[in-house]
Amino acid sequence: KGKVLLFAILFDGITFMPVYFAPDLYWLGAIIIFHSIGIPFIMVPRISLIQEGIPPALQGRFFALANLTVVGMTALSAAVTGVACEVLGVRALFFIIGIGGGICGLLGFLLKPLRERR
């Protein structure tokens, strides 16, 4: 599960980068569809790892915290993204986010306990 999750995070990041080069809306759609293939490979191992690592009595609380964090960070992310798009432009921001996401996946491979989770 660890390697699948980390590869999916890497894939998630690097598949944002081609948005920078998309010549038109059709290519952009194809890129985003290709990008979306990796999302389940992030979500399923993450949920599995949580279920295995958290005692059953606390799983509901942990999932609620995880979902609340995602919702809260989505709002913050939207605000920061708006400002960053004004400064950098949308295409450049996708490229930078892609680099950042890819680096997160690569760095995760350095964490042996995560990398070797089954």
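Residues numbered from 1 in each chain as written. Predicted model: local features only at pLDDT ≥ 70, side-chain atom pairs only at ≥ 80, totals over all residues. Heavy atoms only, no water.

Novice: Explanation requested: the overall build of the protein in the structure shown.
Specialist: From N to C terminus, the protein includes 6 helices and 0 strands. From first element to last, N terminus to C terminus, the protein shows the α and β order α-α-α-α-α-α. By principal-axis analysis of the C-alpha atoms, the protein measures approximately 50 × 25 × 25 Å. Counting all 118 residues of the protein, 24% fall into the buried class. (Helix = DSSP H or I, 4+ residues; strand = E, 2+ residues; numbered from the N terminus. Buried < 20%, exposed > 50% of the residue type's maximum accessible area, 1.4 Å probe, protein only.)

Novice: Would you take a moment to explain the packing of helix 3 (residues 39-53) against helix 4 (residues 56-88) for this structure?
Specialist: Packed helix pairs are specified by the crossing angle of their axes together with the interaxial distance, meaning the distance between the axes. It is the contact of helix 3 with helix 4, at a shortest axis distance of 9 Å, that shows an interaxial angle of 145 degrees. In this structure, the crossing between helix 3 and helix 4 has a hand that is right-handed. On helix 4, the residues that touch Ile47, Ile50 and Gln51 of helix 3 are Gln59, Phe62 and Phe63. Of the residues contributing to the contact of helix 3 with helix 4, the split by class is 4 nonpolar, 2 polar and no charged. (Axes fitted to C-alpha atoms, helices over the stretch in contact; angles between N-to-C directions. Left-handed = near helix turned anticlockwise from the far one by under 90°. Contact = heavy atoms within 4.5 Å. Nonpolar A, V, L, I, M, F, W, Y, C, P; charged D, E, K, R; others polar.)

Novice: It is not clear to me how the packing of aromatic side chains should be interpreted in this structure. Could you clarify?
Specialist: The description of an aromatic ring pair rests on the distance of the ring centres and on the angle between the ring planes. Scanning the entire structure with this criterion turns up 5 aromatic pairs. Relative to Phe34, the ring of Phe11 lies with its centre 5.2 Å away and its plane at 65 degrees, an arrangement referred to as edge-to-face. With Phe11 in helix 1 (residues 2-14) and Phe34 in helix 2 (residues 25-36), this residue pair connects regions lying 23 residues apart in the sequence. The class for Phe34 is partly exposed, based on a relative accessible area of 46%. Between Phe16 and Phe94 the ring centres are 5.4 Å apart and the planes differ by 55 degrees, which places this aromatic pair in the tilted class. Separated by 78 residues along the polypeptide, Phe16 in the loop between helix 1 and helix 2 and Phe94 in helix 5 (residues 90-108) bring together distant segments of the chain. (Phe/Tyr/Trp six-rings, centres within 6.5 Å; stacked < 30°, edge-to-face > 60°.)

Novice: Looking at this model, I keep getting lost on the side chain of Thr15. Mind explaining?
Specialist: Checked against the element boundaries, Thr15 lands in the loop between helix 1 and helix 2. The exposure class assigned to Thr15 is buried, which follows from its relative accessible area of 6%. Here Asp12 takes part through its backbone oxygen, which lies 3.3 Å from a polar atom of the side chain of Thr15. If near-sequence neighbours (up to four positions away) are discounted, Thr15 is found in contact with Ile31, Phe34 and His35. (Polar contact = N/O pair within 3.5 Å; in protein donor to acceptor, adjacent residues only side chain to side chain.)

Novice: Would you mind going over the packing of helix 4 against helix 5 with me for this structure?
Specialist: Where helix 4 meets helix 5, the axes come as close as 7 Å, and the angle between the chain directions of the two elements is 115 degrees. Relative to helix 5, helix 4 is oriented so that their crossing is right-handed. Note on element contacts: helix 5 touches helix 4 through Val90, Ala92, Leu93 and Ile96, opposite Thr81, Ala84, Cys85 and Leu88.

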